[in-house]
Amino acid sequence: MVNLDGAPGPQEVRQRILELNTSVWAFAALSFALEAGVLDEASKPSTAGQISQRTGIPEDLVNGVLDVLVALGFGTADEHGFVASPGLVTISSGRAKKLLAADLRSTRLQTADLVERATHGTIALDGWSYPDPKLLEAQGLHSAQMVVPWVELLFPHLEGLPERLREPTARFLDVGSGVGRLSIEICRRFPNLRVVGIEPFEIPFTLARRNVAEAGLGDRIELRPERVQDLTDERCYDLAWVPVLFMAADVAARGLHRVRTALRPGGWALLGSLAVEGAEIQPAVLRLVSLLYGSGRLLPEHAAAILTAAGFENVLALPAMPGVAGRTIVGRRPVDE
Ligand SMILES: C[S@@+](CC[C@H](N)C(=O)[O-])C[C@H]1O[C@@H](n2cnc3c(N)ncnc32)[C@H](O)[C@@H]1O
């Protein structure tokens, strides 16, 4: 028999649901402040009246949104106006602003889609494939955010990689290149790098062609409508990104054998996974998202085991980073193969 002693009664359940509703509204207030330009104006100390004048948003609404931001700890307010916290200013200005907006938009559109599917009875666990260009673009920008921590924190620890990526022969394989944002971002970081992006779904593939052309990188980024498990390249790449969080375990296993062959000896594969163990809300949500993305309960240790089984060496699941949902797993094609 299940022991339900201590299980919450209706009042506590209602209270918990109220807290969830509150979080959703706080998320909406932050998204509004970012999308409507309130955060741009609030990056320097300003009154709600000044922000209202500059944005055209009613002063009461500005006040209401700033009130929520203060409650979230993202700023302070006194009689002279609102002062955003340095952390909020850093992640909501310059280039970071676009990435934060994409992050929030991607969560908003995907969660709305999930609930929408319930009301239309169109629920299938068929992996990550959305037709909405706004969502694809937001997810693409979200994935491109990884490039900075890769370059600054991860690559210096992957033997030989920083040097190889600067050589004239440098090549990167972007598996599941989507709308091409990650490929574009990494090209900007490494001027000699050439990229092959493989993407089997037509809508993101078409958007990627346009984005790559607009970025003026058509001569450095080659896009192919291909699946990783069908890859036939050999000894071409110094680095491959394989987001196994979007793949069933058997596809990831077959794909990683192909990726090993496609890498140059000593080249590195980076994998991304989402699911983690734990009884708290965040791990539980990550497991749900992992399921919806098509990778079931693929834990970082499983991804590492698949890499090892595919013949990779120096396999390591990196520790979680604060503020980052996914986990990264690395492995190297043996140098002497
Ligand atoms: C979230 S998107 C990647 C976003 C991308 N980094 C960008 O900049 O737009 C993940 C992609 O993996 C692709 N994908 C899923 N299964 C795949 C497979 N077996 N081989 C190659 N790509 C796959 C999906 O079609 C999807 O576009």
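Residues numbered from 1 in each chain as written. Predicted model: local features only at pLDDT ≥ 70, side-chain atom pairs only at ≥ 80, totals over all residues.

Colleague: Just to check I follow, could you spell out the site of the ligand for this structure?
Modeller: Among the 27 residues in the neighbourhood of the ligand, the closest are listed as Gly140, Ser143, Gly176, Gly178 and Arg181. Only helix 7 (133-144) and helix 10 (181-189) provide two or more residues apiece to the shell around the ligand. Sort the elements by how many residues they give to the shell around the ligand and helix 7 lands first, with four residues. Of the residues in the shell around the ligand, the class split is 14 nonpolar, ten polar and three charged. (Near = placed C-beta within 6 Å. Helix = DSSP H or I, 4+ residues; strand = E, 2+ residues; numbered from the N terminus. Nonpolar A, V, L, I, M, F, W, Y, C, P; charged D, E, K, R; others polar.)

Colleague: Can you walk me through the domain arrangement of the protein in this structure?
Modeller: Many descriptions give the size of an interface as the accessible area lost when the pieces come together. Per the domain assignment, the segments of the protein are domain 1 (10-91) and domain 2 (133-332). Each of domain 1 and domain 2 has a C-alpha centre, and these two points are 35 Å apart. (Domains from an automatic or database assignment.)

Colleague: Before we go on, may I ask you to explain the environment of Val276 in this structure?
Modeller: Looking at where Val276 falls in the secondary structure, it is placed in the loop between strand 7 (263-273) and helix 13 (281-293). Taking the number of C-beta atoms within 10 Å as the measure of exposure, Val276 has 20 and is therefore buried. Distance from Val276 to His80, taken between C-alpha atoms, is 45 Å for residues 196 residues apart in sequence. Val276 has contacts with Pro283, Leu286, Leu299 and Arg327, leaving out every residue within four places of it along the chain. (Buried ≥ 20, exposed ≤ 12 C-beta atoms within 10 Å, placed from the backbone. Contact = placed C-beta atoms within 7 Å.)

Colleague: Just to check I follow, could you spell out the packing of helix 7 against helix 10 for this structure?
Modeller: For any two helices packed against each other, the geometry is given by the interaxial angle and the distance between the axes. Close contact between helix 7 and helix 10 brings their axes to 7 Å; oriented N to C, the two are set at 35 degrees. As helix 7 runs across helix 10, the sense of the crossing is right-handed. Of the residues in helix 10, those touching helix 7 at Gly140, Leu141, Ser143 and Ala144 are Arg181, Leu182 and Glu185. Looking at the contact of helix 7 with helix 10 residue by residue, the class counts come to three nonpolar, two polar and two charged. (Axes fitted to C-alpha atoms, helices over the stretch in contact; angles between N-to-C directions. Left-handed = near helix turned anticlockwise from the far one by under 90°.)

Colleague: I keep staring at the sheet that holds strand 9 (residues 327-332) and nothing clicks. Help me out?
Modeller: Strand pairing in a sheet takes place through backbone hydrogen bonds and is either antiparallel or parallel in direction. In spatial order, the strands read 5-4-3-6-7-9-8; together these seven strands make up an open sheet with mixed pairing. Whereas interior strands pair on both sides, the edge strands pair on one side only; in this sheet they are strand 5 (221-224) and strand 8 (313-317). Shown here is a sheet whose adjacent strand axes are inclined to one another by a mean of 15 degrees, direction ignored. Of the strand pairs in this sheet, strand 3 (residues 171-175) and strand 6 (residues 237-242) are connected by three bridges, and their pairing is parallel. Its bridge partner lying in strand 6, Leu173 is registered against Ala240. Set on the sheet, helix 10 makes contact with strand 3, strand 4 (194-198), strand 5 and strand 6; between it and strand 4 the angle comes to about 170 degrees. Sheet strands in contact with helix 11 (residues 202-214) are strand 4 and strand 5, and its direction is about 165 degrees off that of strand 5. (Pairing = 2+ DSSP bridges.)

Colleague: Got a minute to help me understand the pairing of strand 3 in this structure?
Modeller: Each regular strand displays side chains that alternate between the two surfaces of the sheet. Of all five residues in strand 3, five are buried, a share of seventy percent or more. In strand 3, alternate side chains face the same way, and those of Arg171, Leu173 and Val175 on one face and Phe172 and Asp174 on the other are all buried. When strand 3 meets strand 4, the two strands line up parallel, connected through five bridges. Opposite Arg171, over in strand 4, you have Arg194 as the bridge partner.

Colleague: What exactly am I supposed to notice about helix 14 (residues 300-309) here?
Modeller: Every α-helix carries 3.6 residues per turn, so stepping three or four residues along brings you back to the same face. Every buried residue of helix 14 is listed here: Pro300, Ala303, Ala304, Ile306 and Leu307. Across the axial projection of helix 14, the buried residues extend over an arc of 160 degrees, all falling on one side. Along its buried surface, helix 14 packs onto helix 12 (249-262), strand 7, strand 8 and strand 9. (Arc of directions from axis to C-beta.)

Colleague: I'm lost on the nonpolar core in this one. Help?
Modeller: Soluble globular proteins: nonpolar side chains tend toward being buried together. Counting residues in hydrophobic clusters, the biggest one holds 84 residues, and the most contacted among them are Ala240, Val242, Val259, Ala269, Ala303 and Leu307. Residue-level mapping places this core at the junction of two domains, with at least three residues from each of domain 1 (10-91) and domain 2 (133-332). Residues within four places of Val259 in sequence aside, it is in contact with Val228, Leu231, Ala240, Val242 and Ala269. (Core = buried A, V, L, I, M, F, W, Y, C linked by C-beta atoms within 7 Å.)

Colleague: It is not clear to me how the packing of helix 12 against helix 14 should be interpreted in this structure. Could you clarify?
Modeller: At a minimum axis distance of 9 Å, the contact between helix 12 and helix 14 shows a crossing angle of 35 degrees. Relative to helix 14, the crossing made by helix 12 is right-handed. Every residue of helix 14 that contacts helix 12 at Ala249, Ala252, Ala253 and Leu256 is listed here: His302, Ile306, Leu307 and Ala309. Partitioned by chemical class, the residues of the contact of helix 12 with helix 14 number seven nonpolar, one polar and no charged.

Colleague: Could you clarify how one ought to interpret the pairing of strand 5 in this entry?
Modeller: Side chains of strand 5 alternate between two faces, with Ile221 and Leu223 buried and Glu222 and Arg224 left unburied. Two elements, strand 4 and strand 5, share four bridges in a ladder whose sense is parallel. The residue of strand 5 that forms the bridge with Val196 is Glu222. Crossover strand 4 to strand 5 through helix 11 is right-handed. (Right-handed = clockwise from strand over helix to strand, strands pointing away.)

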